[in-house]
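What follows is the residue order along each chain.
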Amino acid sequence: MNFQSGIYPDPNQRSSERYTRVFRPVVFRVEGCEGLCLVRNISAGGLMGDVPGDVQPGSVIEIDMNSAVQLNGHVVWSNQGQMGVHFDQPIDVQQVLQQIARRIIDGKVQRAPRLSVACGR
């Protein structure tokens, strides 16, 4: 794969089963910036999601699915507000989906994703 060029052979090409209709809002961090992503589908090797604008292919990305599930990877393609991410390590999709479905984790109620905002006085 050529991460730098942003050309990925086929965004629909997967080496593992894809789980569709996830539709999970998550927080992502890339190159010191933070944003929201709507995860559309996920597999053991990566995910596809909607983002505001394009993210540079080859960028290192952190994804917070919730307070208990953080995933790391690289952006392999980005086009018209969508991106594909390849995880650094394969994940157990069933386990991740079960963890993000839990309403209470470590005694804390899970809330919608929140972004850090710097405000001047």
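Here is a short report on the structure shown in this document.

Calculation notes
Residues numbered from 1 in each chain as written. Predicted model: local features only at pLDDT ≥ 70, side-chain atom pairs only at ≥ 80, totals over all residues. Heavy atoms only, no water. Helix = DSSP H or I, 4+ residues; strand = E, 2+ residues; numbered from the N terminus. Buried < 20%, exposed > 50% of the residue type's maximum accessible area, 1.4 Å probe, protein only. Contact = heavy atoms within 4.5 Å. Areas by Shrake-Rupley, 256 points an atom, 1.4 Å probe, with all protein chains shown as cover. Polar contact = N/O pair within 3.5 Å; in protein donor to acceptor, adjacent residues only side chain to side chain. Salt bridge = Lys/Arg side-chain N within 4 Å of Asp/Glu carboxyl O. Arc of directions from axis to C-beta. Core = buried A, V, L, I, M, F, W, Y, C linked by side-chain atoms within 4.5 Å.

Notes on the overall build of the protein
Then, number 1: Summing up its helical and strand segments, the protein has 1 helix and 9 strands in all.
Then, number 2: Along the chain direction, N to C, the helices and strands of the protein fall in the order β-β-β-β-β-β-β-α-β-β.
Then, number 3: When each of the 121 residues of the protein is scored for burial, the buried share is 36%.
Then, number 4: Partitioning the intrachain contacts of the protein with sequence separation of at least 6 by distance along the chain shows that 53% fall at a separation of at least 24.
Then, number 5: For the protein, the accessible area works out to roughly 7,700 Å², and carbon and sulfur atoms hold 47% of it.

Quick word on the environment of Gln 70
Then, number 1: Mapped onto the elements of the fold, Gln 70 is located in strand 6 (residues 69-79).
Then, number 2: What makes Gln 70 partly exposed here is its relative accessible area of 44%.
Then, number 3: Taking the C-alpha atoms as reference points, Gln 70 and Phe 28, separated by 42 residues in sequence, lie 9.5 Å from one another.
Then, number 4: Not counting residues up to four positions away in its chain, the partners in contact with Gln 70 are Ile 63 and Asp 64.
Then, number 5: Within the structure, the side chain of Gln 70 is placed 2.9 Å from the backbone oxygen of Asn 66, a separation counted as a polar contact.

Some points on the pattern of salt bridges
Then, number 1: Evaluation of the coordinates by the stated rule reveals 4 salt bridges.
Then, number 2: Residue Asp 50 pairs with Arg 40 through a salt bridge whose shortest N-O separation is 2.5 Å. Here Asp 50 is found in strand 4 (residues 46-50), whereas its partner Arg 40 is found in strand 3 (residues 33-43), with 10 residues between them in sequence.
Then, number 3: The exposure class assigned to Arg 40 is partly exposed, which follows from its relative accessible area of 27%.
Then, number 4: Linked by salt bridges that have partners in common, Arg 29, Glu 34, Glu 62 and Asp 64 make up one network.

With respect to helix 1 (residues 93-101)
Then, number 1: Those residues of helix 1 that fall on the buried side of the exposure criterion are Val 93, Val 96 and Ile 100. With its buried residues spanning 65 degrees around the axis, helix 1 presents them on a single face. Facing away from the buried side of helix 1, by more than 90 degrees, are the exposed residues Gln 98 and Ala 101.
Then, number 2: Where helix 1 starts, the residue carrying a side-chain oxygen 3.2 Å from the main-chain nitrogen of Gln 94 turns out to be Asp 92.

A short note on the nonpolar core
Then, number 1: Within the largest apolar cluster, 23 residues are counted, with the highest numbers of intra-cluster contacts made by Phe 28, Ile 42, Ile 61, Ile 63, Met 65 and Met 83.
Then, number 2: Counting residues per element, the ones that place at least two in this core are strand 2 (24-30), strand 3, strand 5 (60-66), strand 6, strand 7 (82-87) and helix 1.
Then, number 3: Other than its neighbours up to four places away in sequence, Phe 28 contacts Cys 33, Glu 34, Gly 35, Leu 36, Cys 37, Val 51, Val 55, Ile 61, Glu 62, Ile 63 and Met 83.

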